[in-house]
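Here are the chains, one letter per residue:
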Amino acid sequence: MAGDAIGAVERVFRQEKGRVLAGLVRRFGDLGLAEDVLQEACRKALECWPQAGMPDNPAAWLTSVARHAALDHVRRAGKNVPDGDAVLARLPAATAEETHAIADDRLRLLFICCHPALAPEAQVALALRTLCGLSTAEIARAFALPEATLSQRLLRARRKIAEARIPFELPPAQDWPQRLAQVLHVIYLVFSEGYCASGGDALLRADLCAEALRLGRLLDSLLPGQPEVQGLLALLLLQASRGAARLSPEGHLLTLEEQDRRLWQGALIAEGLALLERALGARAPGPYQLQAAIAALHARAATADQTDWRQIHVLYGALLRHKPEPLILLNAVIACAMAHGAGHGLAWLDRLEAVPSLAQSHYLHAARADLLRRQGDRAAAHQAYARAASLASNAVERQYLLRRQGEMRLPLV
């Protein structure tokens, strides 16, 4: 039972941390206190659940224990015990009304984490850690940073919040736009981690994908007609539509080329395409709309051979003007190779090895291996797949790369 209890606490903590923590922050207005008492509740769960059994509602159990611990802390500190609307009571009436407009605690906490007093990279890291329950290692991989560097970034963010006495209050509605870019970025990163986990034994984390979609829908209802919000939600829907086709029945990774497109979810595709059409109608294209447009071209292709790679290459060029980032540049090179031939892509990949974050990324070496395979250079492809597999942190991706490597072995003569 002890092992089961540990696993249960870990699952509940990972899946429910954002909701529980957001509720505690709303009630007590103190992120550090909320994190501490939630950790204490998890420790008590590990003590109690093996003997008493799993409660019917584990998340509610953790919330109750954490709330009592927080109330004890407040009393010991000689402070007044806040009621359920403590934070709202300290706000002007107009701001309180705006706070109620975001009925979901997690989305409210997401806006709060993206406070302009914090460095932009710290805002995103803090939101991913506190709201979405990602580990420090997972966030470090998402940022391509050493784990120690990311830990220091989180520590500085928490210290800044405490020293500057940054209130955990929702900003007035007129200040939402300045935080919107970071809020969108966090939702995007949450979905990305769920869609292709940066490490571990599973490729997909359905809980994170579902949470990102839920937050995206909530944000779209809060800011209707905002093109980049619609673009992000369209992108998530189009990507999520492929979920059931991304793994074989045996659990092996299947690329876009290998997937059975009959398994793609038509309802999600239709919803995503309709959202994208509305967003593009505003004639204010942004990075999420462009990424959604790329995903839409894949969604509209009945077979892999019918993919409009030339148009995808053009869209990546436009995307790079908004986000000149290494992984986007790598994807643009892959699109160029698919549109104009593997040779063009391989020449660009040689140049991209000068970018440190790409040189140590399995994605670059996997791309090179795939292009070499398409050219028929089995020996070089074998070597590139081996290099990519050695760098992959996710077990399912590594297994795929090793399988491809095995296919490239030269026949005995």
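Residues numbered from 1 in each chain as written. Predicted model: local features only at pLDDT ≥ 70, side-chain atom pairs only at ≥ 80, totals over all residues. Heavy atoms only, no water.

(A) Spotlight on the overall build of the protein. Scanning the protein from N- to C-terminus turns up 21 helices and zero strands. Against the compact-globule benchmark of 22 Å for 413 residues, the protein has a radius of gyration of 23 Å, which places it among compact chains. The proportion of buried residues among the 413 residues of the protein is 50%. For the protein, the exposed area adds up to about 19,500 Å²; of that, 53% sits on carbon and sulfur atoms. (Helix = DSSP H or I, 4+ residues; strand = E, 2+ residues; numbered from the N terminus. Rg over C-alpha atoms; globule rule 2.2 N^0.38 Å. Buried < 20%, exposed > 50% of the residue type's maximum accessible area, 1.4 Å probe, protein only. Areas by Shrake-Rupley, 256 points an atom, 1.4 Å probe, with all protein chains shown as cover.)

(B) Region of interest: the packing of helix H19 (residues 362-375) against helix H20 (residues 378-391). The interhelical angle for the contact between H19 and H20, taken along N-to-C directions, is 160 degrees, at an axis separation of 8 Å. Taken as axis vectors, H19 and H20 run roughly antiparallel relative to one another. In this structure, the crossing between H19 and H20 has a hand that is left-handed. Mapping the contact onto sequence places His362, His365, Ala366, Arg368, Ala369, Asp370, Leu372 and Arg373 in H19 and Ala380, Ala381, Ala384, Tyr385, Arg387, Ala388 and Leu391 in H20. Looking at the contact of H19 with H20 residue by residue, the class counts come to nine nonpolar, two polar and four charged. (Axes fitted to C-alpha atoms, helices over the stretch in contact; angles between N-to-C directions. Parallel < 35°, antiparallel > 145°, perpendicular 65-115°, else oblique. Left-handed = near helix turned anticlockwise from the far one by under 90°. Contact = heavy atoms within 4.5 Å. Nonpolar A, V, L, I, M, F, W, Y, C, P; charged D, E, K, R; others polar.)

(C) Structural context of the pattern of salt bridges. Inspection of every chain in the model, using the stated rule, returns 21 salt bridges. Note that Lys44 is salt-bridged to Glu40, the shortest N-O span being 3.8 Å. Of this pair, Lys44 and Glu40 both sit in helix H2 (residues 31-52), four residues apart, which is roughly one turn of the helix. A residue is classified by how much of its surface remains accessible, and Lys44, at 34% relative accessible area, is partly exposed. Exposure remark for Glu40: the relative accessible area of 29% places this residue in the partly exposed category. (Salt bridge = Lys/Arg side-chain N within 4 Å of Asp/Glu carboxyl O.)

(D) Representation of the nonpolar core within the structure. With 102 residues, the main nonpolar core has Leu110, Ile187 and Leu219 as its most contacted residues. When near neighbours in sequence (up to four residues on either side) are disregarded, Leu219 contacts Leu107, Phe111, Leu180, Val183, Leu184, Ile187 and Val229. Among the nonpolar cores identified, the runner-up in size contains 27 residues, and Leu203, Leu364, Ala369 and Met408 belong to it. (Core = buried A, V, L, I, M, F, W, Y, C linked by side-chain atoms within 4.5 Å.)

(E) How the structure looks around the packing of aromatic side chains. Summed over all chains, the structure comprises four aromatic pairs. Ring centres of Phe111 and Trp176 lie 5.8 Å apart, and the angle between their planes is 50 degrees; this geometry places the pair in the tilted category. Here the residue Phe111 occupies a position in helix H6 (residues 105-113), and Trp176 occupies one in helix H10 (residues 176-195), the gap between them amounting to 65 residues. Per residue, the accessibility class of Phe111 equals that of Trp176, and both read buried. (Phe/Tyr/Trp six-rings, centres within 6.5 Å; stacked < 30°, edge-to-face > 60°.)

(F) How the structure looks around helix H7 (residues 120-130). Buried residues dominate H7, accounting for nine of its eleven residues. The complete set of buried residues in H7 reads Ala122, Gln123, Val124, Ala125, Leu126, Ala127, Leu128, Arg129 and Thr130.

(G) Region of the structure containing the confidence of the model for the protein. When pLDDT is averaged along the protein, the result is 87, and 92% of the positions lie at 70 or above. Every residue in residues 83-101 scores below 50 in pLDDT, and together they form 26 contacts with partners more than four places removed in sequence or on other chains. (pLDDT = per-residue confidence, 0-100.)

(H) Looking closely at the side chain of Glu211. Looking at where Glu211 falls in the secondary structure, it is placed in helix H11 (residues 206-222). A relative accessible area of 12% places Glu211 in the buried class. Here the side chain of Glu211 touches Arg214 through a polar contact of 3.1 Å, side chain to side chain. (Polar contact = N/O pair within 3.5 Å; in protein donor to acceptor, adjacent residues only side chain to side chain.)

(I) Layout of H10. Between its terminal C-alpha atoms H10 stretches 28 Å, which fits the 28 Å expected from 20 residues at 1.5 Å a residue. The principal kink in H10, of about 25 degrees, is found at Gln182. Summarising burial for H10: 14 of the 20 residues are buried, a large majority. (Expected span 1.5 Å × (residues − 1). Bend = angle between axes of the 7 residues up to and from the residue.)

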